[in-house]
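# Topology and contacts: notes
What follows is the residue order along each chain.
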There are 2 protein chains.
Amino acid sequence: MKSRLSDIEIAQSTDLKPIAEVARQLSIDDEELECFGCTKAKISLKIFERLKDKPDGKVILVTSINPTPAGEGKSTVTVGLSQALWQAGRQSIVALREPSLGPTMGLKGGAAGGGYAQVLPMDDINLHFTGDMHAITSANNALAAFIDNHIHQGNELNIDIRKIVWKRTLDLNDRALRETVIALGGKANGFPREDGFDITVASEIMAVLCLATDLDDLKKRLAAMIVAYTADQKPVTVEMLGVQGALALLLKDAIKPNLVQTIEGTPALVHGGPFANIAHGANSLIATKMAAKLADYVVTEAGFGADLGAEKFMHIKTRAGGFTPGAVVIVATVRALKMHGGASAEDLKKEGLEPLKKGIENLEKHIETISAFGLPYVVAVNRFVHDTEKELETVLGWCRDHGHPAALCNVWEEGGKGGLDLAKEVIHVLENKDHQFSYLYELTDSVEDKLAKVSRIVYGAEGVKLTEKAKKQLQEIKKNGLGNLPVCVAKTQYSLSDDPEKTGRPKDFFITVRELKPSAGAGFIVALTGSILTMPGLPKRPAALQMDVDENGRAKGLF
Amino acid sequence: MKSRLSDIEIAQSTDLKPIAEVARQLSIDDEELECFGCTKAKISLKIFERLKDKPDGKVILVTSINPTPAGEGKSTVTVGLSQALWQAGRQSIVALREPSLGPTMGLKGGAAGGGYAQVLPMDDINLHFTGDMHAITSANNALAAFIDNHIHQGNELNIDIRKIVWKRTLDLNDRALRETVIALGGKANGFPREDGFDITVASEIMAVLCLATDLDDLKKRLAAMIVAYTADQKPVTVEMLGVQGALALLLKDAIKPNLVQTIEGTPALVHGGPFANIAHGANSLIATKMAAKLADYVVTEAGFGADLGAEKFMHIKTRAGGFTPGAVVIVATVRALKMHGGASAEDLKKEGLEPLKKGIENLEKHIETISAFGLPYVVAVNRFVHDTEKELETVLGWCRDHGHPAALCNVWEEGGKGGLDLAKEVIHVLENKDHQFSYLYELTDSVEDKLAKVSRIVYGAEGVKLTEKAKKQLQEIKKNGLGNLPVCVAKTQYSLSDDPEKTGRPKDFFITVRELKPSAGAGFIVALTGSILTMPGLPKRPAALQMDVDENGRAKGLF
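Nothing here was measured: the structure is a model prediction, and the numbers come from that model.

## What about the overall build of chain A?
A tally of helices and strands in chain A yields 20 helices and 26 strands. Here the C-alpha atoms of chain A give a radius of gyration of 23 Å, agreeing with the 24 Å that 2.2 N^0.38 yields for 559 residues. When its C-alpha atoms are laid out on the principal axes, chain A stretches across 70 × 55 × 55 Å. When the 559 residues of chain A are sorted by exposure, 66% land in the buried category. Entry remark: accessible area of chain A is about 19,500 Å², with carbon and sulfur atoms responsible for 50%. Looking at chain A, you have 66 positive and 71 negative side-chain charges, and the mean spots of the two groups are 3 Å apart.

Pasting the structure below:
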């Protein structure tokens, strides 16, 4: 057993391949590669033209049970599975989301897998990386400035300053910016109004970038974004302001996927990172499609549990991309299942077979969801150091008894080697099962039906209730011709229900939608249940207090 | 005469050398170079260790008369002179400031020289470039979030929320953010207070980055920055918040100079870009010193006229860097001198010898200033298309009659060839004149004396007056032990006086300092005269409306 180094210690003790060498493994031409230093590169979208006749590789989606404070290690399993596929002689690319600087400086200290299953260079990926987040922040805030400037310069479009829905963003955790009043100080500074900042990953531009198929589609989606309403409730779009070209120009490089490598030197595309509640929570469609063109297997993930990330992956991302996933991996840990079964954080240190058995019902529900989509799946039991053999066998035995393909994995500690069993199972279900993917709702269903189907089939709810406000908003959405978009439910990640306290597999509940907001550029209708924080705050002792850089430019305090 | 293409047309019709080839011209080792695509690179600071015994090249500062709406083309001359030095067989690097996205999207559309004297790739340099501005924005706003979080989490340092002097920043023109109220919405969002945003180039972090000598010095300067005061008027620094390490980490790459090329393939370092009023207005010290290590000549510039940029270059930048400039080029145009002599914008189209003769007094004052520093100089008369031969001869004749070295240059149209006469003159004064550089004030002078000496010797004022507020602030500055810092006067660029209407060479005036603010990290005391806008606004029709990107990722509408 290797000694327990921290993620950054492991990362910094690894020799990285030149990124050009990683690219050559995938037969990427030199002129399709734009290097950012020796270990990062962007890949030109021109590659799609060259490879247009090549058949696509199989897409494996990694999802999980509902997250708990105990941690599930979904990203780590995603990276480790891709490493394992290479060890098993299969060409695979892992396609991940980009971490956001806000949580990195605040609570998390970094996010790019962990242990011996992480993507590198860990410090760069967690800091500015190739600048995609900054480009999105710039485009988002340039648009906000254009809106306020339009009003200041005469307001030809008759924007109602009480109905501006476009917020500013920063890629930081900054609670003080959640609710603000701007344009104070007199006539020269514009018209005072209420405003607020979201974290950049919550910007609709992030969702747009992640669902666009090319630069042209990006521009069309940007043009369609609704930024405000007129006094008589007509939508004001980016196109009406005439700045979709400028915004697309600011995003011309951010749209290109970023190539890096795993700790075992296998290829990774890390690109885009929208929220998994108010947005769809998966890496960019372009990166996923590019990975499928370049390799036989694409291992990718979606945010939070299968009720949020996987559902949206199926209904929003695969629809935008016109592709079908090949299989799903559902990550569970003994620790998290015990919490779903009622164990407290302190209980986790000792064996707990009873809460574990009870908590498996959460896993069971997510298996049912993936089955409802008609997709093959494998349960990945991600081993943590304190798990007992009896506990692990309890989960694996349950899977065996119920005919659910499953594998234990230990990629944090062992890298790809610790994922070989999982890889074998995944290859098996991909190659042997005859499945037929289908959506759980059609775009032509009414918005109410879409919400009801997701609530019943995915969450196990009795149904959905709309507040009066949501009903009124729905009428506007229909009036504006947006009723045929898929829905994107913003719901707590901690429960299948809309109440974060209800762990396990809650029953006899309804989902209450309190607001409906069209994201006309991203192409979905956000249904808000409960209160979703789109600008996090910092903790009492932010991770930043431990961060430093030595005189040679080496990062410290990322973890 | 070449046809009049726009700057971006000229830029995009130029074949660029691979940046690695530009680096090899300067004997930069491969491992000292971090490429950003094929045409941009950052240079590692490790190069200073390798070249520590190599003698420094000569630094040539390009400055100008007081700017007018007619345009002077200082950056264009700076680039063109460096190109000309190569044509004359001398190894030269041009060291410029990075453009800010705000003015690019707003009024200017771009800024990296012009015509056949520009730095390339023009579109990238004008957009996100290598992310330096974004890193500074992130560090600036992370610090702001740490301050508000500190207060929210208990305010151990007893920060007075009415005395927070650290503002948030965005690299945009956004007047609506000049004056805001933040942290509204109840207890969870912190303590409501007045706040505001500056444009990123106005951040003290930009000045700090541009004056730091290495990562360690950067961290020390960041730690020293004053962000607020306590109820009993004690300064609260970044060090007290404990986040200088995190901020330095965010800037670890931004501190490295960016290597690009001129349109003639000669090397250019484009790095850093502080305001020339509330800060010192020159590219980074590290880039200037690196250029001096790598080439025999460094051609660099400072913002606005010699009264602002050049004065601060001498008193702030050369002091921080411990170097002495070799010569100064003072750029003047017939058009601008005519405006200084009373001509209106409409008058400029026709010959105007009388206003021209009168306007030369502005040039004369700046020559006196450079002479006062004991430096050799050359007047560069930058030719514009409508200038008549008589007008040009009027300026050149005046220089000849008064013994001022001068040369006509036409680099916008002819590139380096159009700057050969200027290059010859510059080499001549560098090699033949025996000059002795000296500061106009000592750091041990009182702040009042420093201000008085700059006002009298550089602006031609009778003296300086401090408002009661400034006097009170000066007492605090002295009490906090900051009285030995150089001064940084924030004054209108359009006049030698503090009144923008007074063009030419105003006489019998006093400079009124209305506020004094210590920039303890940057290491200067900002003296505000008149009102200085630190967050620009957008015009009625922003440049962004013309911007676009085609399906191949090619920029349109930058100019």
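## Things to note about the UniProt feature "binding site: ATP" (unreviewed entry) in chain A
All names here are of chain A. Per the UniProt record, the feature "binding site: ATP" (unreviewed entry) sits at Thr 68, Pro 69, Ala 70, Gly 71, Glu 72, Gly 73, Lys 74 and Ser 75. Gly 71 sits in the partly exposed class, given a relative accessible area of 22%. Setting aside chain neighbours within four positions, we find Gly 71 in contact with Thr 333, Ala 336 and Phe 384. For Ser 75, the location among the structural elements is in helix H4 (residues 74–87). Apart from residues no more than four positions distant in its own chain, Ser 75 is found in contact with Gly 113 and Glu 301.

## Quick notes on the sheet that holds strand S12 (residues 226–230) of chain B
Residues and elements named next belong to chain B. One open sheet accounts for three strands, arranged S7-S12-S13; its pairing is antiparallel. Two strands in the sheet have a free side with no partner beyond their single neighbour: strand S7 (159–164) and strand S13 (235–237). Looking at each pair of strands side by side, their axes are set apart by 50 degrees on average, direction ignored. Packing against the sheet, helix H7 (residues 132–152) makes contact with S7 and S12, and its axis sits at approximately 135 degrees to S7.

## Digging into the pairing of strand S15 (residues 267–270) of chain B
Residues and elements named next belong to chain B. Side chains Pro 267 and Leu 269 of S15 all project onto a buried face; the interleaved residues Ala 268 and Val 270 project onto the opposite face, where all are buried too. Note that strand S4 (residues 92–96) and S15 share three bridges and pair parallel. Looking at the pairing, Ala 95 lines up with Leu 269 of S15. Inspection of the sheet shows strand S14 (residues 258–262) paired to S15 by three bridges, in the antiparallel sense. Looking across to S15, one finds that Val 260 is bridged to Ala 268. The antiparallel hairpin formed by S14 and S15 contains four residues in its connecting segment, where Gly 265 sits at a positive phi of about 80 degrees.

## Digging into the environment of Ala202(B)
Inspection of the secondary structure puts Ala202(B) in the loop between strand S11 (197–199) and helix H8 (204–211). Since its relative accessible area comes to 10%, Ala202(B) is described here as buried.

## A word on the domain arrangement of chain A
All names here are of chain A. Looking at the assigned domains, one finds that chain A contains domain 1 (7–130 + 254–432), domain 2 (132–250) and domain 3 (447–529). Facing the 25 residues of domain 1 at the interface are 22 residues of domain 3. Here domain 1 and domain 3 share an interface that buries about 1,900 Å² over both sides, 62% of which is from carbon and sulfur atoms. Interface area lost by domain 1 to domain 3 is led by Asp 307, Ile 316 and Lys 365, which between them contribute 26%. For the pair domain 1 and domain 3, the interface holds three salt bridges. Glu 368 is the partner of Arg 505 in a salt bridge, and the nearest nitrogen-oxygen pair spans 2.7 Å. Taken together, domain 1 and domain 3 are joined by 10 residue pairs in polar contact (both at pLDDT 80 or more). If you list the elements that add at least two residues to the side of domain 1 that touches domain 3, you get helix H13 (306–321), helix H14 (334–340) and helix H15 (353–372). For the side of domain 1 that touches domain 3, the per-class residue count stands at nine nonpolar, eight polar and eight charged.

## Quick word on the interface of chain A and chain B
The partner chain B presents 69 residues to the 69 residues of chain A that form the contact. Both faces combined, the contact of chain A with chain B buries some 5,700 Å², and carbon together with sulfur accounts for 63% of it. In this structure, the salt-bridge partner of Asp174(B) is Arg168(A), at a minimum N-O distance of 2.9 Å. Run the count over chain A and chain B and you get 34 residue pairs in polar contact (both at pLDDT 80 or more). Residue composition of the side of chain A that touches chain B, grouped by class: 35 nonpolar, 16 polar and 18 charged.

## Points about the pattern of salt bridges
All names here are of chain A. Within the structure shown, the criterion is met by 80 salt bridges over all chains. When the shortest N-O distance is used, the salt bridge between Glu 301 and Arg 97 registers 3.8 Å. Pair noted here: Glu 301 is in strand S16 (residues 297–301) and Arg 97 is in the loop between strand S4 (92–96) and helix H5 (101–108), with a separation of 204 residues, a long-range link. Exposure remark for Glu 301: the relative accessible area of 3% places this residue in the buried category. By relative accessible area, which is 22% here, Arg 97 ends up partly exposed.

Scoring rules and cut-offs
- Residues numbered from 1 in each chain as written.
- Chains lettered and ligands numbered in written order.
- Predicted model: local features only at pLDDT ≥ 70, side-chain atom pairs only at ≥ 80, totals over all residues.
- Heavy atoms only, no water.
- Helix = DSSP H or I, 4+ residues; strand = E, 2+ residues; numbered from the N terminus.
- Rg over C-alpha atoms; globule rule 2.2 N^0.38 Å.
- Buried < 20%, exposed > 50% of the residue type's maximum accessible area, 1.4 Å probe, protein only.
- Areas by Shrake-Rupley, 256 points an atom, 1.4 Å probe, with all protein chains shown as cover.
- Lys, Arg positive; Asp, Glu negative; His and termini not counted.
- Charge placed at Lys NZ, Arg CZ, Asp CG, Glu CD.
- UniProt positions renumbered as here; feature names shortened; annotations may be inferred.
- Contact = heavy atoms within 4.5 Å.
- Pairing = 2+ DSSP bridges.
- Axes fitted to C-alpha atoms, helices over the stretch in contact; angles between N-to-C directions.
- Domains from an automatic or database assignment.
- Buried area = accessible area lost by both parts, 1.4 Å probe.
- Salt bridge = Lys/Arg side-chain N within 4 Å of Asp/Glu carboxyl O.
- Polar contact = N/O pair within 3.5 Å; in protein donor to acceptor, adjacent residues only side chain to side chain.
- Nonpolar A, V, L, I, M, F, W, Y, C, P; charged D, E, K, R; others polar.

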